[in-house]
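Understanding the architecture of this molecule
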Amino acid sequence: MRDATAARTGSSSKVRLGIVGLGSVFEPYAALIRDLRYSGRVEVVAACDIVAGRARRVRDFLHQDTAFSTDYADVTERDDVDAVLVLTAMPSHGEIAAAALAAGKHVLVEKPMSIHLDEAAELVAQARTSPGLLVCAPHVVLSPTYQALWKRVVDDGEIGTVLTARARYGWSGPTWGRWYYDTGGGPLFDLGVYNITSLTGLMGPVRRVTALAGTAIPEREVDGEVIEVSDFDNYQVLLDFGDAHFAVVTTGFTMHEYRSPAIELYGTGGVAQMLGDDWAPQGYEIVRADTAGWTTYAEADPAWPWTAGLRHLVDCVIDSERLLIRPEHAYHCLEVMVKARLAAVSGETQAVSSTFDPVPYDPTAIYVQRGGKVGHDYRIRRHRDD
Ligand SMILES: NC(=O)c1ccc[n+]([C@@H]2O[C@H](COP(=O)([O-])OP(=O)(O)OC[C@H]3O[C@@H](n4cnc5c(N)ncnc54)[C@H](O)[C@@H]3O)[C@@H](O)[C@H]2O)c1
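About the criteria used
- Residues numbered from 1 in each chain as written.
- Predicted model: local features only at pLDDT ≥ 70, side-chain atom pairs only at ≥ 80, totals over all residues.
- Heavy atoms only, no water.
- Axes fitted to C-alpha atoms, helices over the stretch in contact; angles between N-to-C directions.
- Helix = DSSP H or I, 4+ residues; strand = E, 2+ residues; numbered from the N terminus.
- Parallel < 35°, antiparallel > 145°, perpendicular 65-115°, else oblique.
- Left-handed = near helix turned anticlockwise from the far one by under 90°.
- Contact = heavy atoms within 4.5 Å.
- Near = heavy atom within 4 Å.
- Polar contact = N/O pair within 3.5 Å; in protein donor to acceptor, adjacent residues only side chain to side chain.
- Areas by Shrake-Rupley, 256 points an atom, 1.4 Å probe, with all protein chains shown as cover.
- Nonpolar A, V, L, I, M, F, W, Y, C, P; charged D, E, K, R; others polar.
- Domains from an automatic or database assignment.
- Phe/Tyr/Trp six-rings, centres within 6.5 Å; stacked < 30°, edge-to-face > 60°.
- Buried < 20%, exposed > 50% of the residue type's maximum accessible area, 1.4 Å probe, protein only.
- Lys NZ or Arg CZ within 6 Å of the ring centre and 35° of its normal.
- Buried area = accessible area lost by both parts, 1.4 Å probe.
- Salt bridge = Lys/Arg side-chain N within 4 Å of Asp/Glu carboxyl O.
- Pairing = 2+ DSSP bridges.

A pair of packed helices is characterised by two quantities: the angle between their axes and the separation of those axes. Where helix H5 (residues 93-102) meets helix H6 (residues 117-129), the axes come as close as 10 Å, and the angle between the chain directions of the two elements is 20°. One way to sum up the angle between H5 and H6 is to call them roughly parallel. Two packed elements cross with a definite hand, and for H5 against H6 that hand is left-handed. Contact residues: H5 offers Gly94, Glu95, Ala97, Ala98, Leu101 and Ala102, while H6 offers Glu119, Leu123, Gln126 and Ala127.

Let us now look at the site of the ligand. The environment of the ligand is formed by 26 residues, the closest being Val25, Asp49, Arg54, Lys111 and Tyr180. Separating an oxygen atom of the ligand from a backbone N or O atom of Val25 is a distance of 2.7 Å. One of the side-chain nitrogen or oxygen atoms of Lys111 is found 2.8 Å away from an oxygen atom of the ligand. For the ligand, whose accessible area on its own is 820 Å², the fraction buried by protein is 87%. The set of elements that each furnish at least two residues to the shell around the ligand consists of H5 and helix H8 (186-203). A breakdown of the residues in the shell around the ligand according to their chemical character gives 15 nonpolar, six polar and five charged. Looking at the shell around the ligand, you find at least three residues from each of domain 1 (4-137) and domain 2 (140-304 + 335-364).

Turning to the packing of aromatic side chains, a few remarks are in order. The description of an aromatic ring pair uses the distance of the two centres, along with the angle that the planes make with each other. Counted by the stated rule, this structure contains twelve aromatic pairs. With centroids separated by 6.3 Å and ring planes inclined at 85°, the aromatic side chains of Trp279 and Trp306 adopt a geometry described as edge-to-face. Placement of the pair is Trp279 in the loop between strand S14 (270-277) and strand S15 (280-288) and Trp306 in the loop between strand S16 (295-297) and helix H9 (309-319), with a sequence separation of 27 residues. For Trp306, a relative accessible area of 24% translates into the label partly exposed. The rings of Trp171, Trp176, Trp179, Tyr180, Tyr181 and Phe253 are connected pair by pair, giving a single aromatic cluster. Positioned over the ring face of Tyr258 is Arg168, at 3.6 Å from the centre of the ring.

Quick look at the environment of Leu313 now. Tracing the backbone shows Leu313 in helix H9. Accessibility expressed as a relative area gives 1% for Leu313, which makes it buried. Those residues in contact with Leu313 that sit more than four places away from it in its chain are Ala83, His106, Val107, Leu108, Leu133 and Val135.

Structurally, Thr307 is set in the loop between S16 and H9. Setting aside residues up to four positions removed in sequence, Thr307 forms contacts with Pro28, Tyr29, Leu32 and His139.

We now examine the domain arrangement of the protein chain. Along its sequence, the protein chain is organised into domain 1 (4-137) and domain 2 (140-304 + 335-364). Tallying the contact residues gives eight residues for domain 1 and twelve residues for domain 2. Here domain 1 and domain 2 share an interface that buries about 880 Å² over both sides, 77% of which is from carbon and sulfur atoms. There are one salt bridge connecting domain 1 and domain 2.

Looking now at unusual backbone geometry. Following Lys111, the chain continues into Pro112 via a peptide bond in cis, with omega recorded as -10°. As for its position among the elements, Pro112 is in the loop between strand S5 (106-109) and H6. That bond from Ala137 to Pro138 is cis: its omega, 5°, falls within 30 degrees of zero. Take Pro138: it is sitting in the loop between strand S6 (134-136) and helix H7 (144-155). The backbone phi angle of Asp243 is positive, close to 55°, even though this residue is not glycine. With respect to the helices and strands, Asp243 occurs in the loop between strand S11 (234-240) and strand S12 (246-252). We classify Asp243 as exposed; its relative accessible area is 63%.

In a beta sheet, neighbouring strands are held together by backbone hydrogen bonds and run either parallel or antiparallel to one another. Taken together, the six strands give an open sheet; going across it, the order is S3-S2-S1-S4-S5-S6, and neighbouring strands pair in parallel fashion. Sheet topology places strand S3 (67-69) and S6 at the edges, where each strand pairs with a single neighbour. Averaged over all pairs of adjacent strands, the angle between their axes in this sheet comes to 20°, without regard to strand direction. Bridge count for strand S2 (residues 42-48) against S3 is three bridges, and the pairing is parallel. Looking across to S3, one finds that Ala46 is bridged to Ala67. Across the sheet, H5 touches strand S1 (15-20), strand S4 (83-86), S5 and S6, and the angle it forms with S5 is around 165°.

Turning next to the environment of Ser198. When you line up the elements, Ser198 lands in helix H8. A residue is classified by how much of its surface remains accessible, and Ser198, at 0% relative accessible area, is buried. It is 22 Å that separates the C-alpha atoms of Ser198 and Gly94, two residues lying 104 residues apart in sequence. Once residues lying within four places of it in the same chain are set aside, the contact partners of Ser198 are Val140, Tyr146, Ile263 and Asp278.

Rendered as structure tokens:
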């Protein structure tokens, strides 16, 4: 096991990765890994999937061979692994992330960090004392558009106090991975988590939550088979931030397309909207009460990859960058989601007890494809459309 201080600071020139889970999401992570490998920042030394046949996906997507096992402990326990990527189906995230942290590794875990609150609380506690860093997806707060919006709305207070907000993310649902439709999967953990992470980053911790949820499409074709859907696939979630500040999150495997903003923020002095999806922003627009017309800010980095948390982890490990994705924030979002589901089942509004410190964003730490690390002024191309 590595020295505790060394693991958290920039003591290495290359991060040696172990990957657990070689399913659908491995492919986009592999694209970023190839990039990072090309620039000498990472190498992949081991991979795991419970399906042995998936070993070939390492060659398919990383164009290399690596040690492979069907037992994740063979990855988490290796001396030559510095960081473990947990890309498995949701129900196994907590257990694998805990094992990797316990072995002294840095961990990037796909969302949610666990499907159980008690297991997630353990992870947060473990991350505080572990030599390894814990980065929990989604990585939306790292996008240049989110950072710019955060700077204007939270730091500069350009639209005053945000009183009410709307967010949405949905699609028609995966045609692979049956677990997405079983308890422990579902669109809230898979999709709504992006909106809840964005909104809480902008508006602060949620104090109460309530929701309507149901199974709108009880049978689906998944991996070529017709399956019964055993969890909710359609949600409307209401968030109470206190002081009569509210937000609604619309999410489901029930939305084919949309042309609405991902995030709408209505403040005492104006309105701000993030365009696109919060994992793939297309810029943002702002209208202020004291000036006429909307100002639209083009997307600064259309190639921003939503897998960017991996680059951020590598920057933190090698260059001692400040960690901008905090386990406490991910835990809070998980509590909101777990309680939203409980509210939908019980019909009763649920209190949310966890909180998190405001994320200390540092725009200069944000990497823009081909542009290096640059500040907001450079990144935002302004054009008026009024
Ligand atoms: N697919 C996407 O586009 C996408 C995008 C963003 C995030 N995610 C997240 O990524 C995670 C994985 O999603 P996916 O779509 O790749 O799922 P998937 O079902 O395609 O892949 C999951 C893989 O994990 C393996 N696995 C399951 N349990 C394991 C265990 N205990 N040990 C080792 N391997 C195990 C499975 O065999 C499978 O190959 C989920 O948390 C999902 O929310 C997926």
